[in-house]
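Structure at a glance
The primary structure of each chain is shown beneath.
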Number of protein chains: 2
Amino acid sequence: MPAFAAATPDGALAALGDAGAVRVDAGLLAISTDSFVVRPLRFPGGSIGELAVNGTVNDLAVSGARPLALSVSMILEEGLDAAVLRGEVGAIAAAAAAAGVEIVAGDTKVVERGAADGMYLCTSGVGLRDARAAVATDAIRPGDVVLLSGPIGEHGMAIMLARNEFDLDADIESDTCSLWPAVDALLEAAGGELHCMRDATRGGIASALCELARSSGVSVLVDEAALPVAPAVRAAAELLGIDPVHIANEGRLVAFVAPERAERALAALRAVPGCDQAATIGEVRADPPGMVLVQTSFGGRRVMDQLVGDPLPRIC
Amino acid sequence: MPAFAAATPDGALAALGDAGAVRVDAGLLAISTDSFVVRPLRFPGGSIGELAVNGTVNDLAVSGARPLALSVSMILEEGLDAAVLRGEVGAIAAAAAAAGVEIVAGDTKVVERGAADGMYLCTSGVGLRDARAAVATDAIRPGDVVLLSGPIGEHGMAIMLARNEFDLDADIESDTCSLWPAVDALLEAAGGELHCMRDATRGGIASALCELARSSGVSVLVDEAALPVAPAVRAAAELLGIDPVHIANEGRLVAFVAPERAERALAALRAVPGCDQAATIGEVRADPPGMVLVQTSFGGRRVMDQLVGDPLPRIC
């Protein structure tokens, strides 16, 4: 905890009591938690500390909650290089500042050599449900337009290449970032006509779309040609035989918006820094309920499956 | 997350969105987090799951906050026995129900064999500062009476013996429990005259008292003869050459109360189930500031030191 107190000098941690504190208005409090076990700890475009902050911030944001405060708990393996620890404490503080959240509580445990793999992080976050938000996982309706906030597959591909398990080298950086600015813009542009959002993490946008098609009992038709994919990611994915829709992202969301507000929402999203490649990638139909279909570039249709199992473990 | 959803069927997790939710009134929101890496996972009187719930509930409680909701994040080692996992999910659900808190968010990560030691848990909790509470770590005043909620050293000794590293066998069970009922009783009996509370976990009551003597700039004089210690704990501690004041507890608190409310506070504490052995263990003086002194049974005085380092790793 002292390490965090030093890195966030003005924060509530200065009191070093048993709990941190934030003042809240009455409302619906959103609470989210995630553990991070990514390997390697640092990778092009980010690190475990940055991922831990943005991952929890994003879970709150896509729930329609403005992130307020985070807690960070670290499990460290005995013998971890102190410079690595300092680096991640700095990354956590910087990512929290960038996302506009305060770190108000922390904990550190050390386990023996061999009882962990360097460092695991657990972040939890609280946020207040935004008054403009009416999003829910069962609120998607036939006719809704599907928006995507940016190119897919960059985080997962950056991790895969950083592991050096493939004889591949490409200039791909993780997409890790706070999605609150994107959510804020969508809420402002679409309000109650924004029906649902989800950050497309493990399992890629395929998992996010399949889960939401089921929870809302609708069908999603994705236009394959409209999916933004960076050329380097597309090339690496082809070489490895992976579909970019199955690769993890850590700073991308899909949003479902009623058609009358879709154009305005897309324009608002594109105005957010980092979201200039946001695109309309499909639309919602009534049938077949619970399924995601892909309109291929050749005019055919196929089912977009959710990956079963975890082909890319420890991606976040 | 599905495992938690099954174990807490009526909870907010049923929606399985990206964040859980609780409705709150305006106020000061307390936030706490802790990782749990205890070894072994099960021990007389408790298990890692029970500890993870009570530990975070207690950090909120001693901050004067009524615990509202918890998140639970699990890091599991590949190959962990499914029965062990089910057992801990059940223990978490039972402890949460006993403590009156809802588990509203969860996450599970699996790491490869050898990359963790069975199971680590991270719990985070939120609570609203109780209107009766005026506790702070710098609010202890000379003249305050020091109360202890029950016998010390049982959790740490139970873990030490459960590891079978010593050729010792004794009937000692962990003291893990929710301290909210004790805090509630103290707040009701002493209100603003309750100046500070702390749960005496790692480092025992010695660490708790030393930290608070420093943060309030006061001296604490402890009456050694007044410390409640179970005979089995006292005997094992003597054999192992450990002072019970340095042994971890997971269900004991120290409280500092203005003298005019001390008797009433002690009576209220003793009426709480499990706190019938609560005792007055000392008083606060002005000098020497920042120090804890022990009045021994033989009439002498010595300094009660805070243990440096962690002689009993992975105790929680």
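Here the structure is a predicted model, which means the values were calculated and not measured.

1. Some points on the overall build of chain A
Of the regular secondary structure elements, chain A holds eight helices and 14 strands. Against the globule reference of 20 Å for 316 residues, chain A gives a C-alpha radius of gyration of 20 Å, in line with a compact fold. Over its C-alpha atoms, taken along the principal directions, chain A stretches across nearly 60 × 55 × 30 Å. In chain A, buried positions account for 57% of the 316 residues. Sequence-distant contacts in chain A: of pairs separated by 6 or more residues, those separated by 24 or more amount to 86%. Taken as two groups, the 23 positive and 41 negative side-chain charges of chain A have centres that lie 3 Å from each other.

2. Some thoughts on the interface of chain A and chain B
Each partner contributes to the interface: chain A provides 56 residues, whereas chain B provides 56 residues. Interface area, chain A with chain B, both sides summed: about 4,200 Å², of which 55% is carbon and sulfur. The three residues of chain A that bury the most area against chain B are Asp 18, Ile 31 and Lys 109 of chain A, which together make up 17% of that side's buried surface. Across the pair Glu 112 of chain B and Arg 39 of chain A runs a salt bridge, and its minimum N-O distance is 3.3 Å. Of all elements in the fold, only strand 1 (20-24), strand 2 (27-36), helix 2 (48-62), strand 5 (65-77), strand 6 (102-111), strand 7 (119-129) and strand 9 (194-199) of chain A reach the threshold of two or more residues within the side of chain A that touches chain B. If one sorts the elements of the side of chain A that touches chain B by residue count, strand 2 of chain A sits on top with nine residues. Looking at the side of chain A that touches chain B residue by residue, the class counts come to 28 nonpolar, 14 polar and 14 charged.

3. Some thoughts on the packing of aromatic side chains
For the structure on display, the rule yields zero aromatic pairs over all chains. Stacked on the ring of Phe 36 of chain B, the Lys or Arg Lys 109 of chain A has its end atom at 5.7 Å from the ring centre.

4. Considering the environment of Ala 26 of chain A
The topology assignment puts Ala 26 of chain A in the loop between strand 1 and strand 2. By relative accessible area, Ala 26 of chain A is classed as exposed at 53%. Ala 26 of chain A sits 170 residues away from Cys 196 of chain A along the chain, and the two C-alpha atoms are 23 Å apart. Look past the residues within four positions of Ala 26 of chain A in its chain and what remains in contact with it is Val 24, Asp 25 and Ala 26 of chain B.

5. Re unusual backbone geometry
All names here are of chain A. Along the chain, Asp 287 connects to Pro 288 via a cis peptide bond; the corresponding omega equals -5 degrees. Tracing the chain through its elements places Pro 288 in the loop between strand 12 (279-285) and strand 13 (292-295). Even without glycine at this site, Asn 164 takes up a positive phi of about 60 degrees. Its place among the elements puts Asn 164 in the loop between helix 4 (154-162) and helix 5 (180-190). Judged by its relative accessible area of 64%, Asn 164 falls in the exposed class.

6. Notes on the packing of helix 2 (residues 48-62) of chain B against helix 3 (residues 82-99) of chain B
Residue and element names in this part refer to chain B. Between helix 2 and helix 3, the least distance of the axes is 7 Å, while the angle of their chain directions is 30 degrees. In the crossing of helix 2 with helix 3, the sense of the turn from one axis to the other is right-handed. Contacts between helix 2 and helix 3 involve Ile 48, Gly 49, Glu 50, Val 53, Asn 54 and Val 57 from the first element and Glu 88, Ala 91, Ile 92, Ala 95, Ala 96 and Ala 99 from the second. Residues belonging to the contact of helix 2 with helix 3 are distributed by class as follows: eight nonpolar, two polar and two charged.

Scoring rules and cut-offs
- Residues numbered from 1 in each chain as written.
- Chains lettered and ligands numbered in written order.
- Predicted model: local features only at pLDDT ≥ 70, side-chain atom pairs only at ≥ 80, totals over all residues.
- Heavy atoms only, no water.
- Helix = DSSP H or I, 4+ residues; strand = E, 2+ residues; numbered from the N terminus.
- Rg over C-alpha atoms; globule rule 2.2 N^0.38 Å.
- Buried < 20%, exposed > 50% of the residue type's maximum accessible area, 1.4 Å probe, protein only.
- Contact = heavy atoms within 4.5 Å.
- Lys, Arg positive; Asp, Glu negative; His and termini not counted.
- Charge placed at Lys NZ, Arg CZ, Asp CG, Glu CD.
- Buried area = accessible area lost by both parts, 1.4 Å probe.
- Salt bridge = Lys/Arg side-chain N within 4 Å of Asp/Glu carboxyl O.
- Nonpolar A, V, L, I, M, F, W, Y, C, P; charged D, E, K, R; others polar.
- Phe/Tyr/Trp six-rings, centres within 6.5 Å; stacked < 30°, edge-to-face > 60°.
- Lys NZ or Arg CZ within 6 Å of the ring centre and 35° of its normal.
- Axes fitted to C-alpha atoms, helices over the stretch in contact; angles between N-to-C directions.
- Left-handed = near helix turned anticlockwise from the far one by under 90°.

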